[in-house]
Amino acid sequence: MYETISQYLEYLELEKGLSFNTIDSYRRDLYDFAEYSESDITQIDRTILSSFIRYLKEKSLAPTSVIRKIASLRGFFKWAYSMEIIKSNPALTLEQPKIPQRLPKVISLNEIEEMLHSDLNPLQAVIMELLYSCGLRVSELVNLKLSDIDKTSKYLRCFGKGSKERIIPIGKKAVEKLNEYLPEREFLVKKYNLDTKRLLILESGRFINRQDVYTFIHQKGKSIHKNISPHTLRHSFATHLLENGADLRVVQELLGHSDVSTTQLYTHVSKKRLKDVYFSINDD
């Protein structure tokens, strides 16, 4: 089965254009199943799939993890059937549970300002500004190239899920922080003799990665006594736009959501925050 899984992962990369991290998630999910079943793909039936799902639940995995693994199996066997590797699709009637809807975690504008005005070096300031004022995903941020930034027109280009391109306006403060950082970047490129188009470079000369950004944002969150991630800044970006009258479809475009229902989640956050503020005032 492992050989078939490798073919499927290659298909996801070349035909679907999925990111390395997404493909790696599929690989882990499918390898877990292959290790559990110890069977050839042609021998897999619905009974084995159901047994695997029960096994996952007995391991007390988070519901979201179980749901993701089921989705991985459904996609894999659908592809295998379409390629005539198997004669029937054992996952065809496999139920896909719905993920319980949870409201995105956001922080206030004052908390954003407090973080932005704390002791940040030029690179850290750019990271903060691009995550918040542009609503970028971490993967989009770390893969930015110098040519993706147009400071004159005040736009940047990034590539989201499925390599989908989108253009996002850059605010005045973000441009200012970029102007402060770029001379430092140029110095590092010369110092380490780097032949790269990557925008974000650490003082050590290494290209910044996802974990670097997660660690930095988590540490900054401690300064406002919050446990936050880079995605918290993206959530806050969307919520603050809607609270200040931005059109839902515009926010959808800025976030790169293919379905507006995903963006609508932020309208619930705005209403909840408004309700919390109202009652906090009236309880005083």
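Just so it is clear, the structure is predicted and the values come from calculations on it, not from any experiment.

Calculation notes
Residue indices begin from 1 for each chain and proceed along its sequence in written order. pLDDT decides what is reported in this predicted model: residues at 70 or higher carry local features, side-chain atom pairs at 80 or more are listed and counted, and totals for whole chains, interfaces and linings draw on all residues regardless. Calculated side-chain values reflect all of the structure's heavy atoms, with hydrogen atoms and water omitted. Here a helix means four or more residues in a row that DSSP labels H or I, a strand means two or more in a row labelled E, and each is numbered from the N terminus. For every residue, the accessible area obtained with a 1.4 Å probe (protein chains only) is divided by the maximum for its type, and the residue is called buried under 20%, exposed over 50%, and partly exposed between those limits. It only takes one pair of heavy atoms within 4.5 Å for two residues to be counted as in contact. A positive count includes Lys and Arg, and a negative count includes Asp and Glu. His and the chain ends are not counted in either. Taken as the charge location is NZ of Lys, CZ of Arg, CG of Asp or CD of Glu. Between Lys or Arg on one side and Asp or Glu on the other, a salt bridge is scored when a side-chain nitrogen of the former is within 4 Å of a carboxyl oxygen of the latter. Any helix carries an expected span of 1.5 Å times its number of residues minus one. Each C-beta atom gives one direction from the helix axis, and the arc is the one those directions make. Counted as a polar contact is a pair of N or O atoms within 3.5 Å, where, for protein atoms, one must be capable of donating a hydrogen and the other of accepting one, and residues adjacent in sequence contribute only when both atoms are in side chains. A pair of sulfur atoms, both from cysteines and within 2.5 Å, is called a disulfide here. The pairing criterion for strands is at least two bridges between them, as found by DSSP. Each nonpolar core is a collection of buried residues, namely Ala, Val, Leu, Ile, Met, Phe, Trp, Tyr and Cys, held together in the definition by side-chain atoms within 4.5 Å.

S.K.: An account of the overall build of the chain is requested, with residue identities and associated values reported.
M.R.: Helix and strand counts for the chain stand at 12 helices and 3 strands. Taking all 284 residues of the chain together, the buried fraction comes to 40%. Put simply, of all contacts in the chain between residues at least 6 apart along the chain, 58% involve residues at least 24 apart. Across the chain, the 42 positively charged side chains and the 37 negatively charged ones have centroids separated by 2 Å.

S.K.: Account for the pattern of salt bridges, with residues named and values stated.
M.R.: With the rule as written, the count across this model stands at 14 salt bridges. Glutamate 165 is the partner of arginine 157 in a salt bridge, and the nearest nitrogen-oxygen pair spans 3.7 Å. On the basis of relative accessibility, which here comes to 43%, the residue glutamate 165 falls in the partly exposed class. Residues glutamate 186 and lysine 190 are paired through a salt bridge, measuring 3.5 Å at the closest nitrogen-oxygen approach. Here glutamate 186 pairs with lysine 190, and both are found in helix H8 (residues 172-191), just 4 residues apart, close to one helical turn. Three or more residues are tied together by salt bridges with common partners; here these are Asp29, Asp32, Arg68 and Lys69.

S.K.: Can you break down unusual backbone geometry residue by residue, with the values?
M.R.: The phi angle at glutamate 38 is positive, at roughly 50 degrees, despite the residue not being glycine. Of note, glutamate 38 is situated in the loop between helix H2 (20-37) and helix H3 (46-58). Judged by its relative accessible area of 70%, glutamate 38 falls in the exposed class. Phi at histidine 225 is positive, roughly 60 degrees, even though this residue is not glycine.

S.K.: Which residues make up H3, and what values go with them?
M.R.: Look at H3: 18 Å from first C-alpha to last across 13 residues, which is about the 18 Å you get at 1.5 Å a residue. Residues of H3 that are buried include every one of Leu49, Phe52, Ile53 and Leu56, and no others. Viewed along the axis of H3, the buried residues span an arc of 100 degrees, placing them on a single side of the element. Looking at H3, the residues exposed on the side facing more than 90 degrees away from the buried face are Thr47 and Glu58. Its buried side turned inward, H3 meets H2 and helix H4 (63-82). Between a side-chain oxygen at the N-terminus of H3 and the backbone nitrogen of threonine 47 the separation is 3.2 Å; the capping residue is aspartate 45. Just downstream of H3, serine 60 is the residue with a positive phi angle, here 60 degrees.

S.K.: Quick one: what's the story with the state of the cysteines, residue by residue and with numbers?
M.R.: Put plainly, a disulfide is one covalent bond tying together the sulfur atoms of two cysteines. Summed over all chains, the structure comprises 0 disulfides. Residue cysteine 158 stays outside any disulfide, its sulfur separated by 8.4 Å from that of cysteine 134, the closest cysteine. Here cysteine 158 falls in the buried class, since its relative accessible area comes to 2%.

S.K.: Residue-level account of the pairing of strand S2 (residues 155-159), with values.
M.R.: The two faces of S2 differ: Leu156 and Cys158 on one face are buried, but Tyr155, Arg157 and Phe159 on the other face are not. The pairing of strand S1 (residues 149-150) with S2 spans 2 bridges and is classified as antiparallel. If you follow aspartate 150 over to S2, its bridge partner there is tyrosine 155. Counting the residues that bridge the hairpin from S1 to S2 gives 4 residues, and of these lysine 154 lies at a positive phi of roughly 60 degrees. Summarising the sheet, S2 and strand S3 (residues 165-169) pair through 5 bridges and their orientation is antiparallel. Counted as the bridge partner of tyrosine 155 is proline 169 from S3. Linking two consecutive strands that pair antiparallel, namely S2 and S3, is a turn of 5 residues; a positive phi of about 70 degrees is found at glycine 162 within it.

S.K.: Tell me what's going on with the nonpolar core, and back it up with residues and numbers.
M.R.: Core analysis: the biggest nonpolar cluster contains 48 residues, and Ile127, Leu130, Leu136, Leu141, Leu156, Leu200 and Val213 have the highest contact counts within it. Listed by contribution, the elements that provide at least two residues to this core are helix H5 (109-116), helix H6 (122-133), helix H7 (138-142), S2, H8, helix H9 (210-222), helix H10 (230-243) and helix H11 (248-255). If we ignore the near neighbours within four places in the chain, the residues touching valine 213 are Ile127, Leu131, Val138, Leu141, Val142, Ile208 and Pro230.

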